[in-house]
Every structure is written in C-alpha cells, then in structure tokens.
Amino acid sequence: MTLSELLPSLGCEAADHLEPGIWPRSTRLGPGGELLFAGAPVSHLAARFGTPAYLLDEDEVRQNARAYRKALPDAEVAYASKALCTRAVLRWVAEEGLSLDTCSAGEIAVARSIGFPAERILLHGNAKTPEDLKAALSYGVRRIVVDSLDEIEQLGALATGAQQVLIRVTPDVAAGTHAAITTGTEGQKFGFSLREEVRDNLGRAVSAVLAQPGLRLAGLHCHIGSQVSRVDFYELAARKMIGVLVALRESNGVTLRELDLGGGHAVRYLPGDTGFDIDGYVRRLRVALAYECTSHGFPLPKLTIEPGRAIVGPAGITVYRVCAVKRGSRTFVAVDGGMSDNARPALYGAAYTARLIGRRSRSARRPMTVVGRHCESGDVLADGLSLPDDVRPGDLLAVPCTGAYHHSLASNYNLVGRPPVVGVSRGTATLLVRRETEEDLLKRDLG
Ligand SMILES: *Cc1c(COP(=O)(O)O)cnc(C)c1O
C-alpha cells in the first residue's frame, strides 16, 4: 500500500505543484485548483472560448525568439512557420527580428498578408508545386532551398531576376529521433545525398544552378530532423557541411557564403525530458565552424538556423473538457478533442501529460488513459496518467507543450471543427484563430 492510498488526501496535496520544466513559464497554480496562464484563469478562458482550445502565451513566444537572437546575434534566425502559422504569430516573430521559413504558397500567403519582409523569407520543400514557386517569386522571397535537379530546372524556367537559392544536402547525420521526423539521413526523401562523390551528385546540382541565368547560388542547407536534444549532432552536421563547401570549391570552383543548419531543437513534453541547450549548441557550433574553416582556409559562412518547435511549442497549452469516464480494467477519461487537434501521438507515438484544473480534488490518484472522441482506438492523448479518482464529466484537463505541430497538424476528422487559437498576454486574451464551425465545414462541400 502506498502512502497516498493510506492518506488519500496526500496524493493530491503532495502532487499539487506544477511539474517543472514543461508548463509555460507564466503558468501558476491559483486558488481552488485554478491554473493561471499568462495571468488569466484557464477555467475562465475555457468558459469564454469553449473547449477544446489552444492557448498561446504571446510573451513566451517573444521571449523564446529573443533568446535565439541574443544567443546568435550574428546569425539569421528563421522561425519555421510550419510549427504554427497564424498571422499574429508571424507578426510577433517579425517584430522580434526573426526571419521566416515557409514551405508552401499558403504559408507565403499568410506571411504576405501581414507584410512579413520578403527579404527575410525562405521557401523549402522536396516537392514544390509551380504555385509554390510562383508565390515565392512574385513576393520576392529572398532564398529558395532547392531539393532536386527537376526543381532547379523548373525554378530556372520561372525565375527572371537573380533569385537566390540554397541547395539542400543530406548530411547523413542520424539525429536519434523518430523515423518520421528524421530528415538528415540517407534513404529519406530530402536533399542531395553525399554518398556518391560530391562532384558526381551535389556537384551536378551546383552546375545546374550555375547554368540557370535567373538563379544565383548563395549556399547550402541541411536539416537533420526534429525534436533533437543532442547538440553534438548539430556539431557533426556543421563539420560535415564545411567539408562539403570545401569539396565544392575544389570540384566546382565556387566559394559559397551561406550555410543554413536547419532547426529541430527539442522541447520538453514530459517531466524528465531533455530540452535543448541553446548556449551549449552555440558554443560548440562556433568552435566547430571556426576550426573547420581555419584548417581548410575557407571563409566563415553566414549562418542561418530555423527553429520552429522551440519558439512556439512550450508557449502553448490545450484545454479540454471531460465528456465521459469509463471504469473497468483500465480507466478511460474521454475528452472533447483528440487526434484531430493533436495528431502527434498517432503519428509518432508522442507521449503527453495532462492535469485536472479548475477544482481541487481530495481523491487518491489512479492511473488513467486520456482518450479523444474520434472513431479510432489509437486516438489516445495520454496514457498511464495519474489523475484523481473522482475525475468526472465537466472537468477541465490541461495539456502542456502544445504550441507547435498541434494547430498546424489539425484536421477536421469526424467533421469536428478545429479548435480556436487564443493568444494571452498579461491577463488579456485575444482570439487569434476562431473555432471552425459547421458553416465552415459545409461551405466547401458543394453537394
Ligand atoms: C521542420 C523544419 C524545421 C523546423 O523544425 P523544428 O523541429 O520545428 O525546429 C526547420 N527547417 C526545415 C527545413 C524543416 O523541415
């Protein structure tokens, strides 16, 4: 028998603190089990905006952006907009001096609608459509990261000015993350491989770009994956990339001045997760780049990095309402959202935690499984979670670290409308993206 079973009240009292490191920095426990988020009581926000809802702490997004700028004052920090692409978020990161990484005409359209400076935008993608390329060219996006010989030809045919391009390289660094988000190894779809002689593969891409009068080759790009916590993988990628720049100088006679090392910096989803040590990353990169460049007599390239998750992920939480509790060999707590607002458990087996908010429970805690409302048994939001035994319909649950790849990966599976995104700053909430309605859903269905 555990202590909390002997003294049921102890279980919740002892656990009545926020798990360190995973909740947005502004989050506090308030009276009566309330959760304060950026100065606002979450149960009030749930009543005002409905559930499920994504809540985003504007000040934390800005602080995260600023931390990168401060750690790398001489590099370009491009926010990867695919993590969360709303006009307000793009405005905040633009104001904080970040650049922007996009990968579709749609993301460029959002950036364009708020006047995000085109000279600070990059376009990525392994299968850019003519519409994507035209959107980038018409807005004057400064750099397009090319990913295949076909694309170089297609872009060359469309570009009229001196469109700057970076070539994406596969550095063959296994970043130790989930296969679906490992992008820097051999045998996945992104980039030019280094397996063959550089001059035979990447060298051909370089020649192809140089042969296009409308294109100007600015440098190289790589992105080793996502949710990468170890900085030594980046150091290894940086060393390899300088080696590639040196090899291209020999094989193609070009000295490229820009190096984009991508994003992928990890955040904490669960207590005990390892985050990303930005200062350690910067220190090791600086030393590695300086060493490799000096020893090969190569000029230090201008550096770009592309964090997405690390800017917005930790700044967001999702609030759900419990619909039903089913007790049996396992206890299921079913909430009013699920895999349509959080696809990550189903896509990558991602694990989450959740906490009861809005009331204080004296019940003992028991292991429970939080499930969504969708018609798939894989629709599990958090497993083996310790929740108070008296959890019941109407209760609110909050899930931390949902700012990145939640709204942006959301679907309307089962024709459930996508949740709103609510920005909160110093106690004031603003609806940034409204909830998807039945009218929205019916509008596109022309019968
Ligand atoms: C996804 C992606 C990023 C951002 O990854 P995060 O894990 O969100 O930091 C950056 N660059 C490229 C090319 C990407 O595909």
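Thresholds applied
Residues numbered from 1 in each chain as written. Predicted model: local features only at pLDDT ≥ 70, side-chain atom pairs only at ≥ 80, totals over all residues. Heavy atoms only, no water. UniProt positions renumbered as here; feature names shortened; annotations may be inferred. Helix = DSSP H or I, 4+ residues; strand = E, 2+ residues; numbered from the N terminus. Buried < 20%, exposed > 50% of the residue type's maximum accessible area, 1.4 Å probe, protein only. Contact = heavy atoms within 4.5 Å. Near = heavy atom within 4 Å. Polar contact = N/O pair within 3.5 Å; in protein donor to acceptor, adjacent residues only side chain to side chain. Areas by Shrake-Rupley, 256 points an atom, 1.4 Å probe, with all protein chains shown as cover. Nonpolar A, V, L, I, M, F, W, Y, C, P; charged D, E, K, R; others polar. Domains from an automatic or database assignment. Buried area = accessible area lost by both parts, 1.4 Å probe. Salt bridge = Lys/Arg side-chain N within 4 Å of Asp/Glu carboxyl O. Pairing = 2+ DSSP bridges. Axes fitted to C-alpha atoms, helices over the stretch in contact; angles between N-to-C directions. Parallel < 35°, antiparallel > 145°, perpendicular 65-115°, else oblique. Left-handed = near helix turned anticlockwise from the far one by under 90°. Arc of directions from axis to C-beta. pLDDT = per-residue confidence, 0-100.

- In the annotation of an unreviewed UniProt entry, the entry for the chain reads Diaminopimelate decarboxylase, and the organism field reads Amycolatopsis japonica.
- According to the UniProt record, the Pathway (unreviewed entry) comment for the chain reads "Amino-acid biosynthesis; L-lysine biosynthesis via DAP pathway; L-lysine from DL-2,6-diaminopimelate: step 1/1."

### Remarks on the UniProt feature "active site" (unreviewed entry) in the chain
Okay, so step 1: Residues given the UniProt feature "active site" (unreviewed entry) here are Cys 375.
Okay, so step 2: By the element assignment, Cys 375 lies in the loop between strand E17 (365-371) and strand E18 (380-388).
Okay, so step 3: Given a relative accessible area of 61%, Cys 375 falls into the exposed group.
Okay, so step 4: Not counting the four nearest positions on each side in its chain, Cys 375 is found in contact with Tyr 413 and Asn 414.

### A look at the site of the ligand
Okay, so step 1: Around the ligand lies a shell of 16 residues, among which Lys 82, Ser 226, Glu 306, Arg 309 and Tyr 405 are the nearest.
Okay, so step 2: Ser 226 is positioned such that a nitrogen or oxygen atom in its side chain is 2.2 Å from an oxygen atom of the ligand.
Okay, so step 3: A distance of 2.5 Å separates an oxygen atom of the ligand from a polar side-chain atom of Tyr 405.
Okay, so step 4: Notes on the ligand: free accessible area 380 Å², of which the protein chains cover 93%.
Okay, so step 5: A per-class count over the shell around the ligand returns three nonpolar, eight polar and five charged.

### So, the domain arrangement of the chain
Okay, so step 1: As far as domains go, the chain holds domain 1 (3-57 + 314-443) and domain 2 (59-312).
Okay, so step 2: Every contact between the two is made by 27 residues of domain 1 and, on the other side, 24 residues of domain 2.
Okay, so step 3: The contact between domain 1 and domain 2 buries some 2400 Å² in all, and 60% of this surface belongs to carbon and sulfur atoms.
Okay, so step 4: It is Arg 25, Tyr 348 and Tyr 405 in domain 1 that bury the most area against domain 2; as a group they hold 25% of the surface buried on that side.
Okay, so step 5: Between the two partners, domain 1 and domain 2, sit two salt bridges.
Okay, so step 6: Between Arg 426 and Asp 59 there is a salt bridge, and its shortest N-O distance comes to 3.1 Å.
Okay, so step 7: The interface formed by domain 1 and domain 2 includes 12 residue pairs in polar contact (both at pLDDT 80 or more).
Okay, so step 8: Of all elements in the fold, only strand E4 (53-57), helix H13 (344-348) and strand E21 (428-433) reach the threshold of two or more residues within the side of domain 1 that touches domain 2.
Okay, so step 9: Top element by residues in the side of domain 1 that touches domain 2 is H13. It accounts for three residues.

### Brief notes about the sheet that holds strand E3 (residues 40-41)
Okay, so step 1: Across the sheet, which stays open at both edges, the three strands sit in the order E1-E2-E3 with antiparallel pairing between neighbours. Whereas interior strands pair on both sides, the edge strands pair on one side only; in this sheet they are strand E1 (28-29) and E3.
Okay, so step 2: In this structure, E1 lies alongside strand E2 (residues 35-37), joined through two bridges in antiparallel fashion. Within E2, the position partnered with Arg 28 by the bridge is Leu 36.

### Things to note about the packing of helix H10 (residues 231-252) against helix H11 (residues 278-296)
Okay, so step 1: It is at 9 Å that the axes of H10 and H11 come closest, and there the two elements cross at 25°. Between H10 and H11, the angle is such that the two are roughly parallel. Of the two possible hands of crossing, H10 and H11 adopt the one that is right-handed. On the side of H10, the interface is formed by Val 231, Asp 232, Tyr 234, Glu 235, Ala 238, Arg 239, Ile 242, Val 246 and Arg 249, while H11 contributes Gly 280, Tyr 281, Arg 284, Leu 285, Ala 288, Leu 289, Tyr 291, Glu 292, Cys 293 and His 296.
Okay, so step 2: Among the residues forming the contact of H10 with H11, the class breakdown is 11 nonpolar, two polar and six charged.

### A word on helix H9 (residues 202-210)
Okay, so step 1: Within the sequence span of H9, burial applies to Leu 202, Gly 203, Ala 205, Val 206 and Val 209. Projected onto a plane normal to the axis of H9, the buried residues spread over an arc of 160° and lie on a single side.
Okay, so step 2: Those residues of H9 hidden inside the fold are in contact with helix H8 (149-158), strand E9 (163-170), strand E10 (192-193), strand E11 (215-221) and H10.

### Let's talk about the confidence of the model for the chain
The predicted coordinates should not be examined in detail at positions where pLDDT is low.
Okay, so step 1: Across the chain, the average pLDDT comes to 94, with 96% of residues at 70 or higher.
Okay, so step 2: A low-confidence stretch, residues 4-15 (pLDDT under 50), is modelled with 19 contacts involving residues beyond four sequence positions or located in other chains.

### Remarks on the pairing of strand E14 (residues 316-326)
Across a regular strand the side chains alternate sides, sitting on one face of the sheet and then on the other.
Okay, so step 1: Bridge analysis of E4 against E14 gives four bridges, and the strand direction is antiparallel. Residue Ala 53 lies in a different strand from E14, and its bridge partner there is Val 319.
Okay, so step 2: Sheet topology note: the E14/strand E19 (residues 396-400) ladder contains five bridges and is antiparallel. The partner of Ile 317 across the bridge, within E19, is Pro 400.
Okay, so step 3: Across four bridges, E14 lies against strand E15 (residues 332-335) in antiparallel orientation. In the strand pairing of E15, Val 325 is matched with Val 333.
Okay, so step 4: Here E14 folds back onto E15 in antiparallel fashion, the turn holding five residues.

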